[in-house]
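# Examining the three-dimensional arrangement
These are the residues of each chain, in order.
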There are 2 protein chains.
Amino acid sequence: MTSGPEWTIAQIADEFGVTHRTIRHYEDLGLVSPERRGTQRIFHRRDRTRLKLILRGKRLGFPLEEIRTIVDLFDAPRGRRAQLEYVLDQIDARRADLEQRLKDVQDAIAELGEFERSCRSDLDRLTPPTP
Amino acid sequence: MTSGPEWTIAQIADEFGVTHRTIRHYEDLGLVSPERRGTQRIFHRRDRTRLKLILRGKRLGFPLEEIRTIVDLFDAPRGRRAQLEYVLDQIDARRADLEQRLKDVQDAIAELGEFERSCRSDLDRLTPPTP
DNA sequence: CTTGACGCTTACGTAAACGTAAAGCAGAAT
DNA sequence: ATTCTGCTTTACGTTTACGTAAGCGTCAAG
C-alpha cells in the first residue's frame, strides 16, 4: 500500500527547479517528509503534491512556517467533527488572506495599465504628426 | 512649488502601520527620499504615494530592491523616446510577473473552495440523518 | 533649567531561507 | 581495489528586512 512511483532527491529537485539543499531545508521544517530507505530519501506522489503547494505559496510570498500550516491542513485528519470545524475555520481565514492578495494584484495590474496608456500618450505626442 | 501638506516620520509611520525604523530603512534603500529640514525628515504626498506602492509590493512578496526599481519606474523621466520605450518594456515585464501571481492566487482560492466542499460533505455525512 | 517628547545616527542583533564547504558512506564501474 | 557518482550529515556563511539599544541634538512645558 506504500507503493506507487518513486523519486530520488535529485529527480525531485531537478523537476521543481530547486536545489537538494532546499528540499532538505523543507524537510527540516516539516514541509515534506519523504520515506527513508536506509539513509536515502524516497519521494512519493504525496511529497510532490506538497511541493507544488509549497512553491506556489512561496511565489505568493508566504513564509515557510505559514505554508507548513496550510499544507498540513490539506493532509489533516478529518475524523472528528471538531477537527472538521477547525479546518473550515482555517479555510475561511486563508481565503480572506488570499482575497486581499487577489485585490492587490488586480489593483497593481490596473495601475500598470493606466501607466502604460499615459506613457503611450506621451509617446504619441512625441511622434511628429503625419504630414 | 515645493509646498503642499507635510508629515513627520511619526505620522507617516503611524498611518501606514510601520515603525520609524522601517521608514528609515526604506530611505537607506532609496525607496523614499523625504525632504530634510535641518536634520528632520519631512514627508510629502509623493512619499506617501510611493509608500503605498511599497507596502502593496511587500504584501505581494516582492523584495525591496525589486520594489525600488518598480516604484522608480513611475517617477522616471519620460522625456526622450528611448526612455519611454524602455519604460514600456519594463511595464510588460512587470505585467507578466503580476499575471503569474494572479493565476497563482486564483488557483489557490479555487483549490480552497474545492477543499471546503469536500470538508462540508464529510461534515454532512457525520451529521446523523434527520429522523 | 531640567525634564520629557521626538527625532537623529551608528551599530550590533536576529529570523528566515537557503548557500556552501567539509567530510563521510555506499553501490557501480573500471 | 580504487575511483566515480550520488547521497548523507554537520555546520558555518550570507542576504534580506528590519529590531533594538546606545548616545546625542532640540524644542517646549513645567
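Residues numbered from 1 in each chain as written. Chains lettered and ligands numbered in written order. Predicted model: local features only at pLDDT ≥ 70, side-chain atom pairs only at ≥ 80, totals over all residues. Heavy atoms only, no water.

### Some words on the UniProt feature "coiled-coil region" (unreviewed entry) in chain A
The positions UniProt marks with the feature "coiled-coil region" (unreviewed entry) are residues 81–115 of chain A. When the span residues 81–115 of chain A is considered, its composition is 100% helix and 0% strand, and the gap between its end C-alpha atoms is 51 Å. (UniProt positions renumbered as here; feature names shortened; annotations may be inferred. Helix = DSSP H or I, 4+ residues; strand = E, 2+ residues; numbered from the N terminus.)

### Some remarks on the protein's contact with DNA strand C
Taken together, 18 residues are adjacent to DNA strand C, and Thr19, Tyr26 and Leu64 of chain A together with Arg24 and Arg41 of chain B come closest. Sugar and phosphate atoms represent 72% of those atoms of DNA strand C found within 4 Å of the protein. One nitrogen or oxygen atom from the side chain of Arg21 of chain A is found 3.0 Å from a base oxygen belonging to DNA strand C. At 3.5 Å, a side-chain N or O of Thr22 of chain A approaches a phosphate oxygen of DNA strand C. Contributions of two or more residues to the surface near DNA strand C are made by α2 (20–28) of chain A together with α1 (9–16), α2 (20–28) and β2 (40–42) of chain B. Ranked by residues supplied to the surface near DNA strand C, first place goes to α2 of chain A with 4 residues. (Near = heavy atom within 4 Å. Polar contact = N/O pair within 3.5 Å; in protein donor to acceptor, adjacent residues only side chain to side chain.)

### Quick notes on the protein's contact with DNA strand D
The full set close to DNA strand D counts 17 residues, and Arg41 of chain A together with Thr19, Arg21, Tyr26 and Leu64 of chain B are the nearest of them. The sugar and phosphate moieties of DNA strand D supply 69% of its atoms located within 4 Å of the protein. Between Arg41 of chain A and DNA strand D, the recorded distance is 2.6 Å, taken from a backbone N or O atom to a phosphate oxygen. Within the side chain of Thr19 of chain B, one N or O atom sits 2.8 Å away from a phosphate oxygen of DNA strand D. At the level of elements, α1 (9–16), α2 and β2 (40–42) of chain A together with α2 of chain B are the ones that each hand at least two residues to the surface near DNA strand D. With 4 residues, the top contributor of residues to the surface near DNA strand D is α2 of chain B.

### Focus: the interface of chain A and chain B
Where interface size is given, it is often the accessible area lost as the parts come together that is meant. Of the residues lining the interface, 41 residues belong to chain A; the matching set on chain B comes to 41 residues. For the chain A and chain B pair, buried surface summed over both sides reaches about 4,200 Å², with 68% attributable to carbon and sulfur atoms. Our count for the chain A to chain B interface comes out at 8 salt bridges. For Arg78 of chain B, the salt bridge goes to Asp122 of chain A, with nearest N and O atoms at 3.0 Å. Looking at the side of chain A that touches chain B, the elements with two or more residues in it are α3 (45–59), α4 (64–75) and α5 (81–126) of chain A. Per-element accounting of the side of chain A that touches chain B gives the leading share, 30 residues, to α5 of chain A. Counted by class, the side of chain A that touches chain B contains 18 nonpolar, 7 polar and 16 charged residues. (Contact = heavy atoms within 4.5 Å. Buried area = accessible area lost by both parts, 1.4 Å probe. Salt bridge = Lys/Arg side-chain N within 4 Å of Asp/Glu carboxyl O. Nonpolar A, V, L, I, M, F, W, Y, C, P; charged D, E, K, R; others polar.)

### What about the relation of the copies chain A and chain B?
Superposition of chain A onto chain B requires a rotation of 180 degrees combined with a translation of 0.0 Å along the rotation axis, giving an RMSD of 0.1 Å. The transformation just described matches what one would write down for a two-fold rotation axis. No C-alpha of chain A lies nearer the rotation axis than that of Gly61 of chain A, which sits 2.1 Å from it. Both copies share a contact surface, since 100% of the interface residues of chain A are interface residues in chain B too. (Least-squares fit on C-alpha atoms with pLDDT ≥ 70 in both.)

### Observations concerning the UniProt feature "domain: HTH merR-type" (unreviewed entry) in chain A
Mapped onto the present numbering, the UniProt feature "domain: HTH merR-type" (unreviewed entry) falls at residues 6–73 of chain A. The span residues 6–73 of chain A carries 62% helix and 9% strand; its end-to-end C-alpha distance comes to 24 Å.

### Some thoughts on the pattern of salt bridges
Enumeration over the complete set of coordinates arrives at 43 salt bridges over all chains. In this structure, the salt-bridge partner of Asp75 of chain A is Arg50 of chain A, at a minimum N-O distance of 2.6 Å. Taken together, the positions of Asp75 of chain A in helix α4 and Arg50 of chain A in helix α3 put the pair 25 residues apart, joining distant regions of the chain. Residue Arg50 of chain A is classed as buried on the basis of its relative accessible area, which comes to 4%. The salt bridge involving Arg48 of chain B is made with Glu15 of chain B; its shortest N-O contact spans 2.6 Å. One end of the pair, Arg48 of chain B, is in helix α3 (residues 45–59); the other, Glu15 of chain B, is in helix α1, with 33 residues separating them in the sequence. What makes Arg48 of chain B buried here is its relative accessible area of 15%. Within the structure, one salt-bridge network assembled from shared partners comprises Arg46, Arg50, Glu65, Arg68, Asp72 and Asp75 of chain A. (Buried < 20%, exposed > 50% of the residue type's maximum accessible area, 1.4 Å probe, protein only.)

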